[in-house]
Protein chains: 2
Amino acid sequence: MNQRLGKQTVCFGEPPVILETAAIVGEKEGQGPLAECFDDILTDDQWGEKTWEKAESKLQRETALLALKKAKLTTDDINYVFAGDLLNQCAGTHYGLRDLKIPFFGVYGACSTMTESMSLGSMIIGGGMADYAMCVTSSHFCSAEKQYRFPLEYGGQRTPSAQWTVTGAGCAILAKNGDGPKITHITTGKIIDMGINDANNMGAAMAPAAIDTLSQHFTDTGFRPEEYDLILTGDLGTVGSDILCELMHDEGYDITELHNDCGKMIFNIEEQDVHAGGSGCGCCGSVFCGHIFNELKKGTYDKILLMATGALMNPSAIQQGETIPSIAHAVTIVR
Amino acid sequence: MNQRLGKQTVCFGEPPVILETAAIVGEKEGQGPLAECFDDILTDDQWGEKTWEKAESKLQRETALLALKKAKLTTDDINYVFAGDLLNQCAGTHYGLRDLKIPFFGVYGACSTMTESMSLGSMIIGGGMADYAMCVTSSHFCSAEKQYRFPLEYGGQRTPSAQWTVTGAGCAILAKNGDGPKITHITTGKIIDMGINDANNMGAAMAPAAIDTLSQHFTDTGFRPEEYDLILTGDLGTVGSDILCELMHDEGYDITELHNDCGKMIFNIEEQDVHAGGSGCGCCGSVFCGHIFNELKKGTYDKILLMATGALMNPSAIQQGETIPSIAHAVTIVR
């Protein structure tokens, strides 16, 4: 029996299983500390395509197909795919997945897409409406810079708080039955906007959303931070991570020793000159699907909280003087 | 007990109820044949805001608040909101709903958003994970033209097959219990791309997706078209509607007498000079939430199929020579 806990959390009666994952990343990500975890590393981020956008679509499609292959499933086995990306109108997803012919729900949660799609996939399986659901997301440094900031050719200076959009894709296949880590709880975020209007400081914009969801998760479930082996945020980077740990402390939760962030893990921050760390839907996507999933299977962790965060910003709105609304969706995963 | 029927359909054991709806539209929509059905009609489509985008956000927020008021509920009662729009990064939604503080799932389905959000809302309620879910969407002629085509000031000529983006928003509140029409089945669409690359002929691009979902719905459920009092597509307009009826006939289903399209209903097509009819997320949103919901309650219809269609296009991709992927999600509603 599924149970609602408090205001924002669902506890699954029959927790869905994460059956298999796949992650493919770009060249720079393949030079980072997690290089060995990814299924494939591109040597050319354009991957033989004519445009960055087409390369991102290919990234998403190939990652999805690889996950299916690893799970020994075909597209026909999958009841639903939940997917999205950062491109306007989620073009990476629509062009990437159009040939798969799987019933499709498009989601938009910016960099929170991985856990948004895993939350929805779990609910549909947990509610007895699907046997298999696929959760896919991607981002690409070059298509994102072009769309959100400046064309690469412009050679714009990056501020110290800026994050580096990960070129990468992740796909997780959820199932009603089977072996693998289980999703036991989900805590769905609200839109939070604390007034940050600097598109080059997304960590600060997203941290309040992370704090809101995380505090609510503890309130709803009664869990204490130390019950988790790892509290992993999506891509707050160094700036947002510091804010999160400090303000959670003020809320009465000491998470400093338990916390890590996909944006901090995927790059050697200093040497790779990525300023505040990685970002993009593909950051949490590839770090979870490439690295963390394997560590769960190996037994490095018994229970983790995965919480991707998204800056729901739009370049036109920022130019019109708007601030940056953000969101964070948390998923409890138990080995 | 929820049941999967065939490849793409779910039949709910305890069908969720559509408790209440609200619809607010722009000036031109208020001069059309459905004027009397809407809850409010703007006299100034900028609604006192500085930009079209801010006006669209206000449209979405006010419509959501109005639906809550009509249902005698508060934001605290709603477990989840599912919402999206056409603006890049769904800005209409994020800025519109950020003050509501309801757990939020952002969806992107272009003009199919109304039934995508109703499908997800129904599944979450049907799966026992929510008591109330809100489904919201909007579009605005001026923000959409600016983003997808030309700035209004340019005064571009419209082709005969072009559709007119509806300025409007719709909100439906779904509930586990209560009085109102019920959602008994949902059929979730796949991404279909038959090679249309003319962004001014979205009806033709979307019709194949509508045919695919509709045929699959009949196959999965065993329903015949004549069991429905109305088969209502989202916004195929005149061009797409003709294609749908003709090709469904070739598939062995005669739907001509039963079919109507929100894009054809919302305007007096000839007199209002809207070429192939209305489009935009707000088209199906306002026609269903403003008009059809009331007709269901009055008893004009006993059983309808609502199927919003979306052209998942992106202006950059079209400029890069891509075709237009499309999707259609169908929802069976019984009085």
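Each remark here, short or long, concerns the structure printed above.
What you see is a predicted model; the values in this text were computed from it and never measured. (Residues numbered from 1 in each chain as written. Chains lettered and ligands numbered in written order. Predicted model: local features only at pLDDT ≥ 70, side-chain atom pairs only at ≥ 80, totals over all residues. Heavy atoms only, no water.)

**Some words on the packing of aromatic side chains**
And step 1. Under the counting rule described, the total for this entry stands at 14 aromatic pairs over all chains.
And step 2. Taking the centre distance of 5.4 Å and the plane angle of 25 degrees together, the rings of Phe82 of chain B and Phe105 of chain B count as stacked. With Phe82 of chain B in strand β5 (residues 80–85) and Phe105 of chain B in strand β6 (residues 104–106), the pair connects residues that are 23 residues apart, well separated along the chain.
And step 3. Arranged with centres 5.9 Å apart and planes meeting at 85 degrees, the rings of Phe223 of chain B and Tyr228 of chain B form a pair that is edge-to-face. The two residues Phe223 of chain B and Tyr228 of chain B agree in class, both being buried.
And step 4. Joined through ring pairs, the aromatic side chains of Tyr80, Phe82 and Phe105 of chain A make up one cluster.
And step 5. The lysine or arginine in question, Lys303 of chain A, covers the ring of Tyr228 of chain A, its NZ or CZ lying 5.2 Å from the ring centre. (Phe/Tyr/Trp six-rings, centres within 6.5 Å; stacked < 30°, edge-to-face > 60°. Helix = DSSP H or I, 4+ residues; strand = E, 2+ residues; numbered from the N terminus. Buried < 20%, exposed > 50% of the residue type's maximum accessible area, 1.4 Å probe, protein only. Lys NZ or Arg CZ within 6 Å of the ring centre and 35° of its normal.)

**Observations concerning helix α6 (residues 237–250) of chain A**
Residue and element names in this part refer to chain A.
And step 1. Compared with the 20 Å implied by 1.5 Å per residue over 14 residues, the 20 Å span of α6 between its first and last C-alpha is a close match.
And step 2. Those residues of α6 lying buried are Gly237, Gly240, Ser241, Leu244, Cys245 and Met248. Down the axis of α6, the sector holding all buried residues measures 135 degrees, keeping them to one side. Exposed positions of α6 whose direction lies more than 90 degrees from the buried face are Asp242, Glu246, His249 and Asp250.
And step 3. Close packing links the buried residues of α6 with α5 (202–221), β11 (230–233), β12 (259–261) and α7 (262–265).
And step 4. One or two steps after α6, the chain reaches Gly252, where phi turns positive at roughly 95 degrees. (Expected span 1.5 Å × (residues − 1). Arc of directions from axis to C-beta. Contact = heavy atoms within 4.5 Å.)

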